Amino acid sequence: MASQEGESYVWTLGDDVEKIAKNEINELPEDRANKIELLRQWVKKHPYIDSRTDDRFLLKFLRAAKFSLLRAQEKLTDYIIARTSQIEGSPEWFNTDPNDKNIQGLLEYGVHIVLPGTDPLGRRVIMVRQIPQVKEFSQHDMTRLLFMSMELLLRDELAQINGIVLIVDCETMFTGAVAFWTRERMKRACKCWQDALPMRMKAAHYLQMPAFVNVMFEFCKIFLSRKMAKRLHLHSNLNGLYQTVPKSMLPKEYGGGAGPLSELKRAWIEEFSRSREYLLSLAACRVDDTKLPRKEEKDDGWGMVGTYRKLPE
């Protein structure tokens with residue numbers, strides 16, 4: 001296999017979080033180890049994917065699937081295909097070294113800020129700030145960094161259990177950035193975001209969106225589930241955001257009390273530096289494209305035709 005099984009998972013989050021995990025995602029202490037082992041054994045006999053099988057890695061997928069073994073299998077399969085398949089995936093957006101010069105440059109710009117603490121519902125919050133039009137960086141680089149930041153944030157068990165809130169400041173978005181997002185790229189990005197990453201995206205708040213970006217925003221919804229689309233929110237000013245994300249969590253530049261962007265940016269850069277080995281370890285998976293079964297088309301009931309792959313038992 002791609003990875004050793006490692007140490008057995010031990011719960012360390014306390015009784016309050018354990019109650020939330022039980023009620024929200026069906027995580028039962030007496031059944032957790034059994035579900036991890038069942039998923040591990042399924043991976044070991046899988047005919048066309050190879051994956052890490054350590055407890056903490058597999059647990060992310062069970063939590064994202066609310067401990068449905070079948071859904072966890074589907075999400076893990078989609079995750080590995082997204083990261084590694086040259087036919088159906090988007091490997092150009094994954095498996096990036098955090099020390100890549102463009103990734104480091106974007107971090108220095110402060111395009112991603114993970115806010116300190118959690119919101120009132122225990123969710124982690126990440127802010128994405130669009131870069132101005134500069135020739136050094138592209139939307140391709142921004143997408144690579146976004147998936148890497150989400151992978152790193154998902155290392156946090158509170159993010160796995162309580163979910164993640166996204167804030168996107170679109171003020172400096174330029175027309176060239178929108179032009180990058182062709183129908184095919186948008187479809188692949190939404191597939192990776194919604195189906196592959198083992199996360200619970202609870203809300204996404206978009207600030208200061210120019211009119212030309214709003215067209216892309218509405219277009220994006222075509223490729224999202226109805227539940228996910230309902231979690232996207234537009235705000236013409238910060239007052240709407242304050243109703244969801246406490247001002248105390250936000251940067252000084254957004255009327256908050258969490259300190260200046262420069263300090264928050266530096267904290268996330270340091271987290272990237274400390275986590276380089278972990279991020280590189282996520283590349284320990286692969287898919288055999290020659291053995292991928294053909295997909296079947298199926299109408300999802302919302303006017304869209306989706307593709308579905310039968311999983312091995």
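Calculation rules
Residues numbered from 1 in each chain as written. Predicted model: local features only at pLDDT ≥ 70, side-chain atom pairs only at ≥ 80, totals over all residues. Heavy atoms only, no water. Helix = DSSP H or I, 4+ residues; strand = E, 2+ residues; numbered from the N terminus. Rg over C-alpha atoms; globule rule 2.2 N^0.38 Å. Buried < 20%, exposed > 50% of the residue type's maximum accessible area, 1.4 Å probe, protein only. Contact = heavy atoms within 4.5 Å. Areas by Shrake-Rupley, 256 points an atom, 1.4 Å probe, with all protein chains shown as cover. Lys, Arg positive; Asp, Glu negative; His and termini not counted. Charge placed at Lys NZ, Arg CZ, Asp CG, Glu CD. Pairing = 2+ DSSP bridges. Axes fitted to C-alpha atoms, helices over the stretch in contact; angles between N-to-C directions. Core = buried A, V, L, I, M, F, W, Y, C linked by side-chain atoms within 4.5 Å.

Here the focus is the overall build of the protein. A tally of regular secondary structure across the protein gives 14 helices and 9 strands. On C-alpha atoms alone, the protein measures out to a radius of gyration of 19 Å, which is about the 20 Å that the 2.2 N^0.38 rule sets for 313 residues. Considering the protein as a whole, with its 313 residues, one finds that 53% of them fall into the buried category. By sequence separation, contacts in the protein at least 24 residues apart represent 74% of the contacts at least 6 residues apart. Per element, the accessible surface of the protein, about 15,100 Å² overall, is 49% carbon and sulfur. Mean positive and mean negative side-chain charge positions of the protein (47 and 43 charges, respectively) differ by 3 Å.

Taken in spatial order, the 5 strands line up as β2-β3-β4-β5-β6 in an open sheet, and their pairing is mixed. On the outer flanks of this sheet lie β2 (112-114) and β6 (232-235), each paired with one strand and no other. Within this sheet the neighbouring strands show an average axis-to-axis angle of 20°, counted without direction. Pairing geometry for strand β3 (residues 124-129) and strand β4 (residues 164-169), over 6 bridges, is parallel. Bridge pairing in β4 places Ile 126 opposite Leu 166. Across the sheet, helix α6 (residues 139-153) lies against β2, β3, β4 and β5 (201-207), angled at about 170° from β3, the strand it touches most.

Moving on: the nonpolar core. Nonpolar side chains tend to gather and get buried jointly when the protein is soluble and globular. With 84 residues, the main nonpolar core has Leu 76, Tyr 79, Ile 164 and Phe 272 as its most contacted residues. Of the residues forming this core, the biggest block, 7 residues, is contributed by α6. The next biggest cluster of nonpolar side chains, apart from the first, holds 16 residues, and it includes Leu 115, Val 125, Leu 207 and Met 249.

No statement about biological role is implied by the geometric values presented.
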